Structures are given as structure tokens and as C-alpha cells.
Amino acid sequence: MLQVENKKIVEKINLLKAVEMRLEAIEGIKGNIVINDSFNLDLDSLKTALQFLKEYNKPKKSLVLTDIVGVNTNSKELYEEVSELVNEQNFDSVFLIGDEISKFSELFKSKTYTFIDTKELIESKHLSEIENQIILLKGARKFEIEKLKDILELRKHDTVLEINLNAILHNINYHKSLLKPNTKMMAMVKANAYGLGSYEISEFLQHHHIDYLGVAFADEGVELRKKGITTPIIVMNPEQHSYQTIIEYNLEPEIYSFRVLELFYEAVQKSGYDKKYPIHIKLETGMHRLGFKDFELDQLSETLSEKNLKVQSMFSHLSSSDMPEEREFTMNQFKVFDKNSSYLIEKLGYTPLRHILNSSGITSYTDHQYDMVRIGIGMLGESPDSEIQKQLQSVVSFKTVISQISMVEDGESVGYSRRFKADHLTKIATIPVGYADGIPRLIGNQVGSLGVNKTLAPIVGNICMDMMMINVENVPNVKEGDMVTVFNAKPSLKEFAGYCKTITYEVLTSISPRVKRIYIKD
Ligand SMILES: *Cc1c(COP(=O)(O)O)cnc(C)c1O
């Protein structure tokens, strides 16, 4: 009895193996298609795999090929035959893994690279440069080239924060179209670029020639420098312990008080920096957050003239540029800024850049653009002005999928503390996103809704740490696996911020790092 069962199990396993060992085609990163045949390798299976490639219509292709093991032919003959087969295919690049095959690398006509093992190929970073190609992975089992598949595969996550870089560019260009051609632009990428990913956004903006980047703390700037960002970076909140780091990484501090000025200058002298170090002077004009006030200007200009520092820019910040009812207050901020910055310029004897407008300042007070503006939320496609909003493109969407749908009977309850009780048979969907992902718990119990098939489905019961339940009785054709929009369509980011009784900025910066950020660029 047991005997028979064992036999059956073995048969099943063999069947499974056969299925698993077939070639698989996977959608790869950077528009690649990855053909994974990393389970066995002999001449026949190589022929089959090469044949399989012809079914794909991609202009370029690359090959990863390992030593052929366990074949009793003379290796010169073997690899001559292999290279003939491969050369017929006109690969763009060929990556050879293993010391046997590497000895015969000159037999291959394509650009050919050799590696001792798979790890060495991974570390070489060659693979991450391949774009819009078909990549064949063909290897003997012991080389474990399936590890390459993990790197090359475009992994699909259920819950993602999707960031459309093209839309960012559109929004930047829209704001630029309102400005004079010479006006510079600083992009604020503080707080991980409003939660979207500081490096990815900065790299994209640098590529599109943004003039300045703005971060809150030195470490944010250090991270960008370490990853290769060379655009000037201003640090808005240079903390005392970070002055040496700021100098070491060529970051430019905002100087807002005499205390910061003196301490920073000490650090400059200690560092042995022998040119004029660039700094940015913050002027207080009504926000009452940071900055020099008018009675401090004489002393400021005197102190600056004694020091080997270069005032790169002078700036201030508007407290209410998004509030038409505070126009008079805002106009007074401009007046104070104009007066105080002009006074300092006169005393300094040279003219630093001046800037005061944030995103809604750019759209509402364009005349006060000075030499530079500082864009933040506007590049992410949000404006308080409904007319401007129509001109901007949506950048961020937070999406997930339905894990399960249940029918909840009259009188049954949903979730912790039984806060939702059905009063009729109700269709409830469970979503794999909770307060640990950055959704405030206070929008449970029908305060907020999520979008499913273009219909708003109210959140029912208390939001859990990693999940929540929504009422989908009014959603047409709803099924498990359907996409759910946390925001930016229906509901919009603004509507979602409304549920949370906060502003869009806080919604974005609250999304937990565990939510996978995906960048779209077409
Ligand atoms: C964050 C910030 C900005 C950008 O503000 P938005 O309203 O997002 O455009 C501009 N300037 C300073 C000093 C900031 O801290």
C-alpha cells in the first residue's frame, strides 16, 4: 500500500520537475524579456533555447552561458560547436560563466565577457545596463544562474506607490512656462522627496538640469552625494553635529542665525577649506520659523565681511502663498524681503541669488520670482488652485489588490472590537494595507473610502495594522485580485487627505517605507 503511494509521489514529483524545467519567459526590468532556462545545459537544450529566441521580436539580445558539465567530449570540440550555434544568433553581448568556457572566449564573435562564477557577473553590474533586449539565461544547475533571474525580473508587488517621472517633468515644465527663461529652479527633495524616494527623483531632476536641490538635513544630502548626485544641494536645517559632514560632501548650508554662522565658520576653518565657502542666508519676513530679522542686518553684514564665506543666495519663505485671503500679508512678506535683501546686497558689495517663491507662490505671485524659485508639491502635481490643478499631471498613485471577498450576514461583525455590524447580507473585501503602511487609523469606520472599479468603497470597521476591510456591495463585478486605489484617481490625493483631516504633504510623507516605490518613465 505504502509502496504504491510512494511510487505515485515520485511520479508526481518527476512531472513537477519536468514542468519546472521548461523555459520560462519573464517580463524583465528596463523593457527586457528574460528567458530563463537555468535548469539544465547540454547541446540539445541549448539548440532548443536558441530556437525559442526567434519567436521574440526584439532588435537586440544577450546571452548568459555557463560551462557545460558532465559531457564526455573533448572540451575544445564541444565549445567550438557551442560557439558556432551562438555565433549564428548575433548576440549583442555574451556573458560566459565558468573557467572551462572562459578559456574559449575568443571563439565567440559578440562582445564577450568572462566570469569565474555567477556572483562575479552580478557584482560586475553589466546586467543592469541592458535595456530593451531579450536575455537568455542558459546554465548548468551548479552555477545557480536563477539568481540572475531574481535581479532581472520586474517584480510585481500587490501594494505599490507608483511614481510617474514623466508627469513630474510635465509639472516642472508647466511651472517653468510661467517664469522668465533665466529664472533658476530649486527642487525641494527633503524628507525623501516628500516620501517618494529622494535619490530616484533627484537623479531624474539632475538629468533634466534642475539648478539646485533642497534637503532638510545633512544626511539626506550625503545620501545623494554618495549615490552620485553632483547638482548643488542646500541643507535647510544644518544641525550642529553635521557641519563637518556638510563641508566634506560639498553641501551648502542655510544660515539662519549668528550662532549657526559662527559655529559653521569654525568648522570651515578647521576643515582647511581655503576658498570662500558657499552659504545661503535665510531672512525672516513673517513666517517666524528661522531667519535673520531686520535689526540684525548691520551686524550680519559686518560679520560676513570678516569671514571667508560666499553668500550664494539670500532667501525667505512664504507662510500663506496658497491662501488668497492672506494676499495682503504675503505682499508684506515680499516688501520686507525686498527691503532687507537689497540692504544686504548693498553692504556685501556683490549680488547673491534671491528667492522666495514655493510652488503656490510660483503660480500666484509670479512677479516676485527674483532669480530662483523653489518647487515642491507642485512638481508632484498638486495645486490648491483648481484651475492650475487642471494643468498638472498626477504623479503618485497608491495601489493594492483585494485579498479576499466575504459575504457577511445580517448581525455579523467585521474586524477588531466589532465596530462594523452588517444590517443586511453585505459583500466585504479585505485589503492588504493597514495603519503600518501609513493609512491613519482614524479614517476607518466609514470616514474614508478606497476606489475599486471606479467606485468608492467605504472602509468598514477599525483599520488593522496590515489590513483593512471595505464594503464593496455597490462595486460592479468585483472579484478577488481586483485593483484597489488608495489614492490618486478616485479618491484623489486631495480627497484622501480630506478623510485624514490633513494636507497632501502629510499623506505622502507618512507612507511607510515598506510600500514598494515603483518609478515609471516612458
Ligand atoms: C518645502 C519647502 C518649499 C517647497 O514648498 P511647496 O509648498 O511644496 O512648494 C520651498 N521652500 C522651503 C524653504 C521649503 O522648506
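Every chain begins its residue count from 1, and numbering advances along the sequence as written. It should be noted that, the model being predicted, local features are given only for residues of pLDDT at least 70 and side-chain atom pairs only at 80 or more, the latter also being counted only at that level, while totals for whole chains, interfaces and linings use all residues. To get the side-chain values, all heavy atoms of the structure are used, and hydrogens and water are removed first.

**What to know about the nonpolar core**
Phase 1: As used here, the term nonpolar core means buried Ala, Val, Leu, Ile, Met, Phe, Trp, Tyr and Cys residues forming a set that is joined through side-chain atoms within 4.5 Å. Only protein chains enter the accessibility calculation, which uses a 1.4 Å probe; a residue whose area is less than 20% of its type maximum is buried, one above 50% is exposed, and one in between is partly exposed. Judged by nonpolar contacts, the single largest core of 105 residues is most densely connected at I168, L205, I281, F487 and F496.
Phase 2: Considering each element in turn, this core owes the most residues, 7 residues, to helix α12 (residues 258-271).
Phase 3: Contacts are residue-level and defined by heavy atoms, with any inter-residue pair within 4.5 Å sufficient. If we ignore the near neighbours within four places in the chain, the residues touching I168 are I163, I201, F204, L205, M379, L380 and V395.
Phase 4: Membership of the second largest hydrophobic core comes to 41 residues, among which are V34, L127, I145 and L148. Only DSSP runs of H or I covering at least 4 residues are called helices, and only runs of E covering at least 2 are called strands; the numbering of each starts at the N terminus.

**Structural notes on a negative patch on the surface**
Phase 1: Taken together, the side chains of E409, D410, E412, D423 and E473 define an acidic patch exposed on the protein surface.
Phase 2: Mapped onto the secondary structure, E473 falls in the loop between β23 (468-471) and β24 (483-487). Note that patches include only residues with greater than 30% relative accessible area and no salt bridge, and the join distances are 9 Å for like charges and 5 Å for nonpolar side chains (Val, Leu, Ile, Met, Phe, Trp, Tyr). Here the open area of atoms and residues is found with the Shrake-Rupley method and a 1.4 Å probe, where only the protein chains shown may cover a residue. Salt bridges are defined by distance alone: a side-chain nitrogen of Lys or Arg within 4 Å of a carboxyl oxygen of Asp or Glu. Charged residues are defined here as Lys and Arg on the positive side and Asp and Glu on the negative side; His and the ends of the chain fall outside this count. Charged groups are reduced to one reference atom each: NZ for lysine, CZ for arginine, CG for aspartic acid, CD for glutamic acid.

**Examining the site of the ligand**
Phase 1: Within the structure, the ligand sits among M188, K190, Y194, R289, H317, N358, S359, R374, G376, I377 and Y505.
Phase 2: R374 is positioned such that a nitrogen or oxygen atom in its side chain is 2.8 Å from a nitrogen atom of the ligand.
Phase 3: Within 3.5 Å is the distance limit for a polar contact, defined as a pair of N or O atoms, with the added protein rule that one can donate a hydrogen and the other accept it, and that residues adjacent in sequence qualify only through two side-chain atoms. In this structure, G376 approaches the ligand through a main-chain N or O atom, which is 3.2 Å from an oxygen atom.
Phase 4: Across the shell around the ligand, the residue classes tally to 4 nonpolar, 4 polar and 3 charged. Any residue with a non-hydrogen atom lying within 4 Å of a molecule or strand is treated as near it. The residue classification treats Ala, Val, Leu, Ile, Met, Phe, Trp, Tyr, Cys and Pro as nonpolar and Asp, Glu, Lys and Arg as charged. All others, Gly included, are polar.

**What about the environment of G376?**
Phase 1: Mapped onto the secondary structure, G376 falls in the loop between β15 (372-375) and α16 (386-391).
Phase 2: What makes G376 buried here is its relative accessible area of 4%.
Phase 3: Sequence separation between G376 and M188 is 188 residues; the distance between their C-alpha atoms is 5.1 Å.
Phase 4: Ignoring any residue separated from it by four or fewer positions in sequence, one finds G376 in contact with M188, Y194 and S359.

**Here's the deal with the side chain of S512**
Phase 1: Here S512 shows up in the loop between α18 (504-510) and β25 (516-520).
Phase 2: Look past the residues within four positions of S512 in its chain and what remains in contact with it is A436, D437, G438 and R517.

**Overview of the packing of aromatic side chains**
Phase 1: Note on aromatic contacts: the rings of Phe and Tyr and the six-membered ring of Trp form a pair at centre separations within 6.5 Å, being stacked when their planes are under 30 degrees apart, edge-to-face when over 60 apart, and tilted otherwise. Inspection of every chain in the model, using the stated rule, returns 13 aromatic pairs.
Phase 2: Aromatic pair Y194 and Y505: ring centres 5.9 Å apart, planes at 35°, arrangement tilted. Of this pair, Y194 sits in helix α8 (residues 190-194) while Y505 sits in helix α18, and the two are 311 residues apart along the sequence.
Phase 3: For Y194, a relative accessible area of 7% translates into the label buried.
Phase 4: A residue is classified by how much of its surface remains accessible, and Y505, at 36% relative accessible area, is partly exposed.
Phase 5: Each ring, one from F398 and one from F487, has its centre 5.7 Å from the other, and the planes form 85°; the classification is edge-to-face. Within this pair, whereas F398 is found in strand β16 (residues 396-401), its partner F487 is found in strand β24, the two being separated by 89 residues in sequence.
Phase 6: Judged by its relative accessible area of 0%, F398 falls in the buried class.

**Some thoughts on the domain arrangement of the chain**
Phase 1: Domain annotation of the chain identifies domain 1 (24-156), domain 2 (165-391) and domain 3 (396-520).
Phase 2: For every domain, the bounds stem from an assignment made automatically or drawn from a database. In this structure, domain 2 and domain 3 have C-alpha centres spaced 37 Å apart.
Phase 3: With 15 residues of domain 2 at the contact, the number on the domain 3 side is 11 residues.
Phase 4: The term buried area means the drop in 1.4 Å probe accessible area that two parts suffer when joined, counted for both and summed. Interface area, domain 2 with domain 3, both sides summed: about 1100 Å², of which 58% is carbon and sulfur.
Phase 5: Between domain 2 and domain 3 we count 1 salt bridge in total.
Phase 6: Between K494 and E382 there is a salt bridge, and its shortest N-O distance comes to 3.5 Å.

**Things to note about the sheet that holds strand β5 (residues 111-115)**
Phase 1: Strand order in this open sheet of 6 strands is β1-β2-β6-β3-β4-β5, and the pairing throughout is mixed. Each having just a single partner strand, β1 (24-27) and β5 make up the two edges of the open sheet. Averaged over neighbouring strand pairs, the angle between their axes works out to 15° when direction is ignored.
Phase 2: Here, any two strands with at least 2 DSSP bridges between them count as paired. Pairing between strand β3 (residues 60-66) and strand β4 (residues 93-97): 5 bridges, direction parallel. Its bridge partner lying in β4, S62 is registered against S93.
Phase 3: Most of the contacts of helix α2 (residues 43-53) go to strand β6 (residues 133-138), to which it runs at about 170°, and overall it touches β2 (33-37), β3 and β6. Angles shown run from 0 to 180 degrees and are taken between the N-to-C directions of axes, each axis being a line fitted to C-alpha atoms and, for helices, limited to the stretch in contact.

**Points about the confidence of the model for the chain**
Phase 1: In predicted models, pLDDT denotes the confidence assigned by the predictor to each residue on a 0 to 100 scale. For the chain, mean pLDDT is 92; residues scoring 70 or higher make up 95% of the total.
Phase 2: Contacts of residues 15-21 to residues separated by more than four positions or lying in other chains number 4 contacts, the stretch itself having pLDDT below 50.

**Observations regarding the side chain of S110**
Phase 1: Topologically, S110 is positioned in the loop between α4 (99-102) and β5.
Phase 2: Using a relative accessible area of 15% as the deciding quantity, one classes S110 as buried.
Phase 3: One polar contact links the side chain of S110 to the main-chain carbonyl oxygen of F91, over a distance of 2.9 Å.
Phase 4: Sequence-distant contacts of S110, that is, excluding residues within four places in its chain, are made with F91, D92 and V94.

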